[in-house]
Amino acid sequence: DFDVLIGVRRGRIFTNRFFAVLVLGLAGYFKHNMHEQEKAKDMICPNHFVAPGAYRLTPPYIDYDQAIYAGLVPVMGNETKIEQFFRANDWMKPRRVYKKDQRYLGEANSLFKRAVEWLLGGWLGDLAERLKFVQISEISRGLPPKMPAGARFVCNENELRFHLNSAQTITKWRERKQKKTFKTASFHY
């Protein structure tokens, strides 16, 4: 699957998640509980949403976090906010500085986007955000009875983070990394 981190405006995290899931679902790139069904291949997984108060990844930081954050490719959005995100994550070594990538599509400042933001920027958006209890209920229903060891799960107004199989993912990543290191080292004889 293709994991996506989405930066959102303060006070609109659940509204953004709703529209991300809706649009990706209509496009056929998102299915609820896709990991349980093992149908995540070629799917987009919007599993991490952050508002400005949660731009900085919560410690402790491990080698996997360093690799993931060092490899983040901003593809869309306000470049000032993207720069703020990378400045907030000054724990990375070497420090990551935002540099526009050829895959960056721009701010996507269309008339439709501006209209939706205007519409949801006031009382209608506040009302939509208050419906978060529906999403929280749905999220809670999808959780295992006991949270797996190493799970990274956050569900609040600043951050939504759904990495339930983190320990397994990190173990697989380290195994692949070790194999690559071994293969590389074997060619230096």
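Here the structure is a predicted model, which is why all the values come from computation and not from measurement. (Residues numbered from 1 in each chain as written. Predicted model: local features only at pLDDT ≥ 70, side-chain atom pairs only at ≥ 80, totals over all residues. Heavy atoms only, no water.)

Visitor: Help me out: how do you make sense of the nonpolar core in this one?
Guide: In globular proteins that are soluble, nonpolar side chains generally tend to be buried together. Ranked by size, the top nonpolar core spans 12 residues in total: Val50, Ala54, Tyr55, Leu57, Tyr69, Ile82, Phe85, Phe86, Trp91, Met92, Tyr98 and Tyr104. Ranked by residues supplied to this core, first place goes to helix 3 (residues 79-88) with 3 residues. Each residue touching Tyr55, except ones within four places of it in the same chain, is listed here: Val50, Lys81, Gln84, Phe85, Ala88 and Asn89. By size, the runner-up hydrophobic cluster in this structure holds 9 residues, among which are Ile13, Phe14, Ala51 and Phe162. (Core = buried A, V, L, I, M, F, W, Y, C linked by side-chain atoms within 4.5 Å. Buried < 20%, exposed > 50% of the residue type's maximum accessible area, 1.4 Å probe, protein only. Helix = DSSP H or I, 4+ residues; strand = E, 2+ residues; numbered from the N terminus. Contact = heavy atoms within 4.5 Å.)

Visitor: I keep staring at the packing of helix 1 (residues 13-26) against helix 5 (residues 123-130) and nothing clicks. Help me out?
Guide: Geometry of a packed helix pair, given as the angle between the helix axes and the separation of the axes. Look at helix 1 against helix 5: their axes get within 8 Å of each other, and the N-to-C directions meet at 80°. With respect to their mutual orientation, helix 1 and helix 5 come out roughly perpendicular. Contacts from Ile13, Phe14 and Thr15 in helix 1 reach Gly125, Ala128 and Glu129 in helix 5. Residues belonging to the contact of helix 1 with helix 5 are distributed by class as follows: 3 nonpolar, 2 polar and 1 charged. (Axes fitted to C-alpha atoms, helices over the stretch in contact; angles between N-to-C directions. Parallel < 35°, antiparallel > 145°, perpendicular 65-115°, else oblique. Nonpolar A, V, L, I, M, F, W, Y, C, P; charged D, E, K, R; others polar.)

Visitor: Teacher, can you tell me more about a nonpolar patch on the surface here?
Guide: Together, Phe18, Phe19, Leu22, Val23 and Leu26 make up an exposed nonpolar region whose accessible area comes to about 490 Å². Tracing the chain through its elements places Phe19 in helix 1. (Patch = residues over 30% accessible without salt bridge, like charges linked within 9 Å, V, L, I, M, F, W, Y side chains within 5 Å. Areas by Shrake-Rupley, 256 points an atom, 1.4 Å probe, with all protein chains shown as cover. Salt bridge = Lys/Arg side-chain N within 4 Å of Asp/Glu carboxyl O.)

Visitor: It is not clear to me how the packing of aromatic side chains should be interpreted in this structure. Could you clarify?
Guide: Aromatic rings considered in pairs are described by the distance between their centres and by the relative angle of their planes. Scanning the entire structure with this criterion turns up 9 aromatic pairs. Aromatic pair Phe18 and Phe19: ring centres 5.1 Å apart, planes at 80°, arrangement edge-to-face. The class for Phe18 is partly exposed, based on a relative accessible area of 42%. Aromatic pair Phe86 and Tyr98: ring centres 6.4 Å apart, planes at 10°, arrangement stacked. Placement of the pair is Phe86 in helix 3 and Tyr98 in the loop between helix 3 and helix 4 (111-120), with a sequence separation of 12 residues. (Phe/Tyr/Trp six-rings, centres within 6.5 Å; stacked < 30°, edge-to-face > 60°.)

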